[in-house]
Amino acid sequence: MGHLNRRGFTVGSMTLLAGLTIAGDHQPATATARPHPAGPARDGHAIRGMWVASVTNRDWPSKAGLSAARQRDELLGWLDLAVERRLTAVILQVRPTADALWPSTHEPWSQYLTGTQGRDPGWDPLGTAVAEAHDRGLELHAWCNPYRVAHHTDPARLAASHPARRNPGWVVPYGGKLYYNPGLPEVRAFVRDAMLDAVRRYPVDALHWDDYFYPYPVAGEDFDDDAAHAEHGDGFPDRAAWRRHNTDLLVRETAARLRELRPGVRLGISPFGVWRNAATDPRGSDTRAGVQTYDDLYADTRTWVREGWIDYICPQLYWHIGFEAADYARLMSWWAGVAEGTDTDLYIGEALYKSGDPAQPAPWQDPAELSRHLTLAKKKHPRVDGHVFFSGREVRDDPSGAMARVVADHYPTRVRG
């Protein structure tokens with residue numbers, strides 16, 4: 001029986017949290033923490049955030065094809081909601097499927113605006129979002145998905161101008177979707193530049209990536225990067241190490257370019273909540289997750305934090321306190337330990353969408369569950385600098401009252417981002 005994950009797509013629950021681990025066949029390179037500069041103790045950048053998803057019109061726009069005025073009114077409504085809920089940051093999805101919610105010179109307009117990829121919506125959503133967020137004292141983080149191209153496998157359905165149509169060798173069909181191939185240097189360079197176009201054009205507060213690097217495993221299918229591996233994979237002990245290297249390169253090169261382009265804009269990443277299980281790697285968490293980012297998504301999230309390659313990390317800890325396979329409390333403690341001694345801010349991704357969902361276990365039927373998450377951080381893990389809620393629809397509708405409880409218990413006053 002599948003369930004909806006944080007992005008609104010069906011995922012088999014036994015795939016994400018199986019009782020058996022996925023054993024790795026090698027160990028990652030040792031990473032050392034970036035030392036603190038001399039001076040006062042670290043002062044983290046705190047946020048209270050929410051994701052607003054545009055993919056499949058999950059949150060905004062409410063449907064494709066609305067007038068420019070209606071789209072703008074809805075967008076301002078999300079920003080006003082953030083103020084009402086006493087949040088400080090909105091993480092707005094502006095590059096959902098290798099397309100753009102701004103007039104990009106690299107990629108076509110998103111289909112989630114007009115219903116037709118490449119059609120000009122008649123206004124500038126990202127430019128408006130940044131200006132209006134700042135007017136309200138909110139941070140605006142530009143959320144991009146690095147490699148997802150389409151929720152189908154037919155390049156002919158993409159806009160005629162789409163880079164994936166002009167460069168068919170860049171894409172790999174997998175699991176009913178199209179992805180850019182991270183193993184190609186030209187793909188990484190293009191993806192990096194396409195995302196940084198948003199930073200170049202607008203004073204966003206952060207560039208934000210979600211959890212999709214190499215795609216989540218699909219049973220019975222292989223991600224076909226044989227040709228890229230044959231051309232670029234020499235010098236690595238196995239394909240997994242080469243794939244992790246490719247992901248690391250995108251992180252490091254984007255971070256370096258970002259700091260040159262607009263100093264002060266932060267790079268943040270929101271990965272799946274389990275790096276590795278302790279049974280796979282003694283440095284891993286006390287979990288039994290069926291997916292491990294290091295082994296299955298080829299994303300060495302721990303190293304990114306320990307080496308200071310990114311400014312913040314926001315792991316998706318989408319489980320309740322006491323969940324046997326992936327206990328929220330144990331995972332928070334593990335991530336706090338990873339971040340300790342580094343300058344990387346730690347935020348926690350919160351599964352507001354599970355609260356009150358009748359398909360979820362009993363703890364999620366208690367509207368106080370999420371409030372307990374924030375209490376735990378406050379009392380035991382001062383290294384946690386904030387929480388981000390998935391997603392806008394649940395922040396607005398709050399069917400169980402869980403968000404209202406969080407606000408009443410933890411956000412008694414408004415603070416500006």
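Residues numbered from 1 in each chain as written. Predicted model: local features only at pLDDT ≥ 70, side-chain atom pairs only at ≥ 80, totals over all residues. Heavy atoms only, no water.

Caption draft 1: Focus on the sheet that holds strand 6 (residues 148-150). The sheet built from 3 strands is open, its strands ordered 6-8-7 with antiparallel pairing. With one partner strand each, in any of the chains shown, strand 6 and strand 7 (171-174) form the two edges of the open sheet. With direction set aside, neighbouring strand axes in the sheet form an average angle of 35°. (Pairing = 2+ DSSP bridges. Helix = DSSP H or I, 4+ residues; strand = E, 2+ residues; numbered from the N terminus. Axes fitted to C-alpha atoms, helices over the stretch in contact; angles between N-to-C directions.)

Caption draft 2: Just the sheet that holds strand 13 (residues 384-389), in detail. Strand order in the closed barrel formed by 8 strands is 3-4-5-9-10-11-12-13, with parallel pairing between adjacent strands. In the sheet, strand 3 (residues 47-52) pairs with strand 13 via 4 bridges, with the strands oriented parallel. Among the inter-strand pairings, Met50 is bridged to a residue of strand 13, identified as Phe389. Sitting on the sheet, helix 4 (residues 125-135) is in contact with strand 4 (89-95) and strand 5 (139-144), with an inclination near 150° to strand 5. With respect to the sheet, helix 11 (residues 328-339) is in contact with strand 11 (312-313), strand 12 (345-350) and strand 13, its orientation differing from that of strand 12 by roughly 160°. (Contact = heavy atoms within 4.5 Å.)

Caption draft 3: Here's a closer look at the packing of aromatic side chains. With the rule as written, the count across this model stands at 19 aromatic pairs. Centre to centre, the rings of Phe213 and Trp304 are 5.4 Å apart; their planes meet at 65°, and the pair counts as edge-to-face. Taken together, the residues span a long stretch of sequence, with Phe213 in the loop between strand 9 (206-209) and helix 7 (226-232) and Trp304 in helix 10 (residues 301-306) at a distance of 91 residues. Relative to Phe272, the ring of Tyr216 has its centre 6.1 Å away and its plane inclined at 85°; by these criteria the two rings are edge-to-face. Of this pair, Tyr216 sits in the loop between strand 9 and helix 7 while Phe272 sits in the loop between strand 10 (266-269) and helix 9 (293-297), and the two are 56 residues apart along the sequence. By relative accessible area, Tyr216 is classed as buried at 15%. Relative accessible area serves as the criterion here: at 5%, Phe272 is assigned to the buried category. Within the aromatic cluster, the residues linked to one another by ring pairs are Trp51, Tyr318, Tyr353 and Phe390. The ring of Tyr212 carries Arg148 above its face, with NZ or CZ at 5.4 Å from the centroid. (Phe/Tyr/Trp six-rings, centres within 6.5 Å; stacked < 30°, edge-to-face > 60°. Buried < 20%, exposed > 50% of the residue type's maximum accessible area, 1.4 Å probe, protein only. Lys NZ or Arg CZ within 6 Å of the ring centre and 35° of its normal.)

Caption draft 4: Main features of the packing of helix 6 (residues 185-201) against helix 8 (residues 239-261). The geometry of helix 6 relative to helix 8 is characterised by a closest axis approach of 10 Å and an angle of 30° between their N-to-C directions. Where helix 6 crosses over helix 8, the two elements pack in a sense that is right-handed. Here Arg188, Val191, Arg192, Asp193, Leu196, Val199 and Arg200 of helix 6 come into contact with helix 8, specifically with Asn246, Leu249, Leu250, Glu253, Thr254, Arg257, Leu258 and Leu261. (Left-handed = near helix turned anticlockwise from the far one by under 90°.)

Caption draft 5: Representation of the confidence of the model for the protein chain. This prediction gives the protein chain a mean pLDDT of 91; 90% of its residues lie at or above 70. Ignoring residues within four places in sequence, the model shows residues 1-40, a span with pLDDT below 50, making 113 contacts including any to other chains. (pLDDT = per-residue confidence, 0-100.)

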